[in-house]
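# Examination of the molecular architecture
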Amino acid sequence: MLRKFYILIAGMTGLIFSASVYAAEKWDMPMAYSASNFHSQTGAEFAQCVTTGTGGEIEIVTHPGGSLFSGNDIKRAIQTGQVPIGERLLSAHQNENAVFGFDSIPFLATSFEDSDALWESAEPALKKVLADQNLHLLYSVPWPPQGLYFKKEVNSAVDVANLKFRSYNTATARIAELAGMNPVQIEAAEISQAFATGVAESMISSGSTGYDRKVWESLTHFYEVDAWLPRNYVMVNSGTWDSLDMATRNVVNGCASIAEYAGYWRSIHYTQFTLGELAKNGMFVGPASEQLKSELNEFGVIMTNEWIEQAGEEGQGIIDRFLSR
Ligand code: PCA
């Protein structure tokens, strides 16, 4: 009985396999962060889920660490159909459309729960912007809360004047300017080298990125200011999406929901784990001084107003929906 079952399964696998030989499509999926990063792991599971779920009809192959396209080129590569799918930190494209920066407004949403609520408020507007750019959103996962990294003790903005500050989007560059630092935009994949060679000497990011890039080799202090939780987004080229039949779309959507859920919980778990690892490797990990916190809050008010001005009614709507939830 059992043997028959095995033969049946083997036969079915053969069928699926032979069907896939003709129909199989390989989707290269560029990702910007290291293979060990939790977003990349979630992406790899998503890829496997789609490959298995479509019986190999679509085989997704992830390329983490900016190995296929660097972070800054991933969105354009998907838009123009150079690759069908990829993952990107959309706030890095806030200069194209202010809506992309809704997740990097200082001190608007500082916990995972609030980040989730803010995402619900912003999702329809973001999807519209993406659709206009030939992109279809599949899922989105937040990074852990953002804190400040330095190579010395810092108690106020006076202590940071003129530091070279590694930025990853408009908001991070603006915070640097407001604090009198000099921003330099560098992808996460490049930061270990940037810190080692002195191109940068401070940044705002999560414990997760500090851990992935072993920043304790160059930096000494992490202040948990919980400024915001930026998000990564997995997107498909709209033409590619439209060409899929309903059954295939259902599989991809199912895998995307699982990835969004798994990624969210991983991010929560990673927050304490990675901060613990920074401390274990000799870094100071703790809250910022009251003075620094109040200065950051002032920058936050300025930046919130600037964002609303840039994002107009659409932006105001996102904030109003979030605040009245
Ligand atoms: N890590 C990414 C974006 C946000 C984060 O926590 C980075 O530093 O590039």
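Refer to the structure printed above.
Residues numbered from 1 in each chain as written. Predicted model: local features only at pLDDT ≥ 70, side-chain atom pairs only at ≥ 80, totals over all residues. Heavy atoms only, no water.

## Some points on the pairing of strand E10 (residues 231-237)
How we decide: The buried label goes to any residue with under 20% of its type's maximum accessible area, the exposed label to any with over 50%, and the partly exposed label to all in between, with areas taken from a 1.4 Å probe on protein chains only. Think of it this way: any DSSP run of H or I at least four residues long counts as a helix, any run of E at least two long counts as a strand, and we number them from the N terminus. At least two bridges found by DSSP between two strands are what make those strands a pair.
Counting buried positions along E10 yields seven of seven residues, so the element is predominantly enclosed. Across seven bridges, the pairing between strand E4 (residues 135-142) and E10 is antiparallel. Each residue of the ladder has a partner; that of Leu135, found in E10, is Asn237.

## Some remarks on the site of the ligand
Put simply, the test is: We call a residue near a molecule or strand when any one of its heavy atoms sits within 4 Å of it. Two N or O atoms count as a polar contact when they lie within 3.5 Å, although within protein this holds only if one can serve as hydrogen donor and the other as acceptor, and sequence-adjacent residues are included solely when both atoms are side-chain atoms. Per-residue accessibility takes into account occlusion by the displayed protein chains alone, with areas from the Shrake-Rupley method and a 1.4 Å probe. For this classification, the nonpolar set comprises Ala, Val, Leu, Ile, Met, Phe, Trp, Tyr, Cys and Pro, the charged set comprises Asp, Glu, Lys and Arg, and every other residue, Gly included, is treated as polar.
Within the structure, the ligand sits among Tyr33, Leu89, Trp143, Gln146, Arg166, Tyr168, Ala188, Ser205, Ser206, Thr209 and Pro230. Take Gln146: an N or O atom from its side chain is 3.0 Å from an oxygen atom of the ligand. Between the ligand and Ser206 there is a distance of 2.6 Å, counted from an oxygen atom to a side-chain nitrogen or oxygen. Alone, the ligand offers 270 Å² of accessible surface; in the complex the protein occludes 99% of this. Partitioned by chemical class, the residues of the shell around the ligand number six nonpolar, four polar and one charged.

## A word on the sheet that holds strand E3 (residues 85-89)
Formally: Axes, fitted as lines to C-alpha atoms, cover a helix only where it is in contact. Angles between the N-to-C directions of the axes lie from 0 to 180 degrees. Contacts are assigned to residue pairs that have any heavy atoms within 4.5 Å of one another.
Read across the open sheet, the three strands follow the order E3-E10-E4; overall the sheet is antiparallel. Edge strands, defined here as strands with exactly one partner in the open sheet, are E3 and E4. Mean inter-strand twist for the sheet, computed between neighbouring axes without regard to direction, equals 25 degrees. With five bridges connecting them, E3 and E10 associate as antiparallel partners. Across the sheet, Ile85 pairs through a bridge with Val236, a residue of E10. Of the strands in this sheet, E3, E4 and E10 are in contact with helix H2 (residues 38-53), which crosses E4 at around 130 degrees.

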